[in-house]
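These are the residues of each chain, in order.
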Amino acid sequence: LDQRAPPPAGFPRHDYNYSVFPFAEHGEAKGDTRDASTLRLPVVLNQYNFRNESTYLDAKTPVWESGNSPDFTFQARVRIPTSQQVLYRPTTLEIWKFAWVQILAIYIIFWWIFTKFEYVVFHHRIVDTRVVSDLQAKSHRF
């Protein structure tokens, strides 16, 4: 394990016994006045970020060696800067699924609009129509 500042063995640490906020009730002396620029959010967050206790594992063996257990759990947290561009290429199945969902959504909207349009056209008789019945016998002339 590599640490930025490893804690001393058997001694309590008092590195962060003060607040990032410059108020008297957090341990500073009464009447301690500070500059107004120290109360800005970026300054307070920057002071808070410097309180980082980082520990990371530096693997000495490049290959994972298994033990008796068949289980293997790996958890990772990757921090990618916001300015970093991340490219992702979806699989064909994901593309088809996304296309199906989009087509279905558009179909439902157009179907609803068409049924309302059809109701208005036929209910209010905007278009002249006639009924042709196939129940009457037709006389054929040859």
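Residues numbered from 1 in each chain as written. Predicted model: local features only at pLDDT ≥ 70, side-chain atom pairs only at ≥ 80, totals over all residues. Heavy atoms only, no water.

### Observations concerning the overall build of the protein chain
This is how the line gets drawn: For helices the rule is a DSSP run of H or I covering at least 4 residues; for strands it is a run of E covering at least 2, with both sets numbered from the N terminus onward. Burial here depends on accessible area, computed with a 1.4 Å probe over protein chains only, as a share of the maximum for the residue type. Under 20% is buried, over 50% is exposed, and the range in between is partly exposed. Working rule for contacts: check all heavy atoms of both residues, and any pair within 4.5 Å makes them a contact. For accessible areas, the Shrake-Rupley method is used with a probe of radius 1.4 Å. Any residue's cover is judged against the shown protein chains and nothing else.
Helix and strand counts for the protein chain come out as two helices and two strands. Along the chain direction, N to C, the helices and strands of the protein chain fall in the order β-α-β-α. When the 142 residues of the protein chain are sorted by exposure, 5% land in the buried category. A separation of at least 24 residues holds for 52% of the contacts in the protein chain among residues at least 6 apart in sequence. If you sum the accessible surface of the protein chain, you get close to 14900 Å²; carbon and sulfur atoms cover 60% of it.

### Some remarks on helix α2 (residues 92-123)
To keep things clear, this is the line we draw: Multiplying 1.5 Å by the helix residue count minus one yields the expected span of that helix.
The terminal C-alpha atoms of α2 lie 46 Å apart, and with 32 residues this matches the ideal 46 Å at 1.5 Å per residue to within 8%. Backbone geometry just after α2 places Arg-125 at a positive phi near 50°.

### Quick word on the confidence of the model for the protein chain
The cut-off we apply is this: As a per-residue measure, pLDDT reflects the predictor's confidence and takes values from 0 up to 100.
With 58% of its residues at a pLDDT of 70 or more, the protein chain has an overall mean of 75. Within the protein chain, α2 carries the highest mean pLDDT (95), whereas strand β1 (residues 2-3) carries the lowest (60).

### Some words on the environment of Val-120
Tracing the chain through its elements places Val-120 in helix α2. Not counting chain neighbours up to four residues away, the residues in contact with Val-120 comprise Arg-125 and Ile-126.

### Digging into unusual backbone geometry
The residue Arg-125 is not glycine, and still its phi comes out positive at about 50°. Mapped onto the elements, Arg-125 comes out in the segment after α2.

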